[in-house]
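# Results of the structural survey
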Amino acid sequence: MSATKVFVARLAGCSVFDPAGDRVGRVRDVLVVYRRVDPPHVVGLIVEVPGKRRIFVSIGRITSIGAGQVITTGLVNMRRFEQRGGEVRVIAEMLGRKVLIKKERTRATIEDVAIEDRGQGDWEVSQLFLRKPKTTPSPFGKGPTTFATWNEVTEDELPGEAQSAEHVIAAYSDLLPADLASTLLDLPEERRFEVAEELPDDRLADVLEEMPDQERIDILTRLEDARAADVLDQMQPDDAADVLAQFPDDRSEALLQLMEPEEAQDVRMLLEYEPDTAGGLMTTEPVIVSADATVAEGLALIRRHELAPALGASVCVTLPPYEPPTGRFLGLVHFQRMLRYPPNERLGTLIDQQTEPVRVDASAAEVTRVMATYNLVSVPVVDDAHRLVGVVTIDDVLDHVLPDDWRSQGEGDSPSRLRQRPRKTPVTTGRRTTRGPNG
């Protein structure tokens, strides 16, 4: 049954189907246009289709909204969505705005927007769900809520006051980092920065790892140095190195000084390698164990929630020390092999004798060939002394061989040139001695 009234925040993420029941995509936002007297008119939905392409689906093409799904006529234009002048995105641009309730002369914040079908597919904003200022001094308390029609409020944005992004973040809280990154890239530039500033450090780090270089540099540039360093701390070292390589030397060094010493040390090491080598592609955070570690210990390490799947596919066995650059690299143990042996089996007896590491100066092409030849999702990287310095994972390789703008491409888009990002030599300071390939 089609609903006649829907709250937009609940509509976000709903699946869109054609009449045959085939899934078209997911709703990411609702597009409206303001009118002089009447409430804003709904012109359509912004839908994400496979390939992370955002398209516009006219409200006239929607035949049913209800039960967590949207049904279309099946005739949709697959051209990439571009926002026109006068169009407003409800989630991205209306949620979090301040309004003045005329009757009470009270300021409130828009937390949700209801759209309603007035008949014959003519949808408009019918109601606002508002949050008033809290009336208690408790830091955990919230203000009372109320409903109001569009005509009962007026926008009350104070000069210089940033629009709250908390409700946009809440509406997109269930998105994977790659999807949230794609959503942010579709926002107007200023709104993108507002939302980025409100994201927690770890969440923003995950999102920046999924963005093209220029956009993540723009966001980090807008952040204060201390906040930018905290975000870089949360990023994978190889991604942080890619970002810092684009900054001027003085800015890059200033951020490295503010980062946690251990994180900065890993990034400095990565900055010393050319970007199209194994050293430039690798991450310095593999799972490292001793030969005496047991299967039970190995499985416990790769079971960690925060560990990326590619890094959890195997553990690296080395001699002490067990931090890159480690002692001599002994070999890999794949997690599938660990599953075949009892918990007390020593990992040193399960080493894969066929998988050879690559040298830190090996070309990206060589790394790709090794991974493809032996069907690997990660390959260890060693220095001249055969010490483990990191691993190259399959996503590192794909990120290198795909075009610069692959994140913003949809199906049918033509590829552009492959990325060539030169890295500069890091600044050496008295605070810490940077390490080269040999430590």
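Here goes a summary of the coordinates provided. (Residues numbered from 1 in each chain as written. Predicted model: local features only at pLDDT ≥ 70, side-chain atom pairs only at ≥ 80, totals over all residues. Heavy atoms only, no water.)

On the surface, Asp230, Glu260, Glu262 and Glu323 cluster together into a negatively charged patch. Locating aspartate 230 in the fold gives a position in helix 8 (residues 225-234). Under the relative-accessibility criterion, aspartate 230 is labelled partly exposed at 34%. (Patch = residues over 30% accessible without salt bridge, like charges linked within 9 Å, V, L, I, M, F, W, Y side chains within 5 Å. Areas by Shrake-Rupley, 256 points an atom, 1.4 Å probe, with all protein chains shown as cover. Salt bridge = Lys/Arg side-chain N within 4 Å of Asp/Glu carboxyl O. Lys, Arg positive; Asp, Glu negative; His and termini not counted. Charge placed at Lys NZ, Arg CZ, Asp CG, Glu CD. Helix = DSSP H or I, 4+ residues; strand = E, 2+ residues; numbered from the N terminus. Buried < 20%, exposed > 50% of the residue type's maximum accessible area, 1.4 Å probe, protein only.)

Side chains of Val377, Ile394, Leu398, Val401 and Leu402 sit close together on the surface and give an oily, nonpolar patch of about 340 Å² of accessible area. Take valine 401: it is sitting in helix 16 (residues 394-401).

Looking along a regular strand, one sees side chains alternate from face to face of the sheet. What you see with strand 9 (residues 98-101) is no split at all: Lys98 and Leu100 on one side and Val99 and Ile101 on the other are buried throughout. By the bridge criterion, 4 bridges tie strand 9 to strand 10 (residues 106-117) in an arrangement that is antiparallel. Among the inter-strand pairings, leucine 100 is bridged to a residue of strand 10, identified as arginine 107. A loop of 4 residues connects strand 9 with strand 10, the two strands running antiparallel in sequence, and arginine 105 in this loop sits at a positive phi of about 55°. Direction of pairing for strand 9 relative to strand 13 (residues 153-155): antiparallel, over a ladder of 3 bridges. Among the inter-strand pairings, valine 99 is bridged to a residue of strand 13, identified as glutamate 155. (Pairing = 2+ DSSP bridges.)

With that out of the way, let us pick up the side chain of serine 314. Turning to its location among the elements, serine 314 is positioned in strand 15 (residues 314-318). A relative accessible area of 5% places serine 314 in the buried class. Dropping the residues within four chain positions of it, serine 314 is found in contact with Val287, Leu332, Val333, His334, Phe335 and Ser378. (Contact = heavy atoms within 4.5 Å.)

Moving on to the sheet that holds strand 14 (residues 288-289). An order of 14-15-16 is seen for the 3 strands of this open sheet, with the pairing classed as mixed. The open sheet terminates on both sides in strands that have one partner only, identified here as strand 14 and strand 16 (329-334). Of the strand pairs in this sheet, strand 14 and strand 15 are connected by 2 bridges, and their pairing is parallel. When the bridges of strand 15 are listed, valine 289 appears paired with valine 317.

This part covers the environment of glycine 60. Within the secondary structure, glycine 60 is located in the loop between strand 5 (53-58) and strand 6 (62-66). Relative accessible area serves as the criterion here: at 55%, glycine 60 is assigned to the exposed category. C-alpha separation for the pair glycine 60 and valine 42, spaced 18 residues apart in sequence, amounts to 9.9 Å.

In this structure, leucine 281 sits in helix 12 (residues 278-281). By relative accessible area, leucine 281 is classed as buried at 8%. Sequence separation between leucine 281 and valine 367 is 86 residues, and the spatial gap between their C-alpha atoms is 9.4 Å. Aside from chain neighbours lying at most four places away, what touches leucine 281 is Asp238, Pro275, Ala364, Val392, Asp396 and His400.

Our focus in this paragraph is the sheet that holds strand 17 (residues 358-359). Strand order in the open sheet made by the 3 strands is 17-18-19, with mixed pairing throughout. Each having just a single partner strand, strand 17 and strand 19 (388-393) make up the two edges of the open sheet. In the sheet, strand 18 (residues 378-382) pairs with strand 19 via 5 bridges, with the strands oriented antiparallel. From the neighbouring strand, valine 381 faces strand 19, where its bridge partner is glycine 390.

Taken residue by residue, helix 7 (residues 213-222) has Asp213, Arg216, Ile217, Ile219 and Leu220 as its buried positions. For helix 7, the buried positions fall inside an angular range of 160° around the axis, keeping them on one side. Contacts made by the buried residues of helix 7 are with helix 5 (189-198), helix 6 (201-208), helix 8, helix 9 (237-244) and helix 10 (249-258). (Arc of directions from axis to C-beta.)

When we look at burial in helix 11 (residues 261-271), the residues that qualify are Ala264, Asp266, Val267, Arg268, Met269, Leu270 and Leu271. If you follow the buried residues of helix 11, they end up packed against helix 9, helix 10, helix 12 and strand 19.

What the rule picks out here adds up to 3 aromatic pairs. Ring centres 6.2 Å apart and planes at 55° place the aromatic pair phenylalanine 7 and phenylalanine 147 in the tilted group. Of this pair, phenylalanine 7 sits in strand 1 (residues 5-7) while phenylalanine 147 is found in strand 12 (residues 145-148), placing the two residues 140 residues apart along the sequence. Accessibility expressed as a relative area gives 44% for phenylalanine 147, which makes it partly exposed. Taken together, the ring pairs connect Phe7, Phe129 and Phe147 into an aromatic cluster. For the cation-ring pair, arginine 251 lies above phenylalanine 247, with the distance from its terminal atom to the ring centre recorded as 5.4 Å. (Phe/Tyr/Trp six-rings, centres within 6.5 Å; stacked < 30°, edge-to-face > 60°. Lys NZ or Arg CZ within 6 Å of the ring centre and 35° of its normal.)

Geometry only, nothing functional implied.
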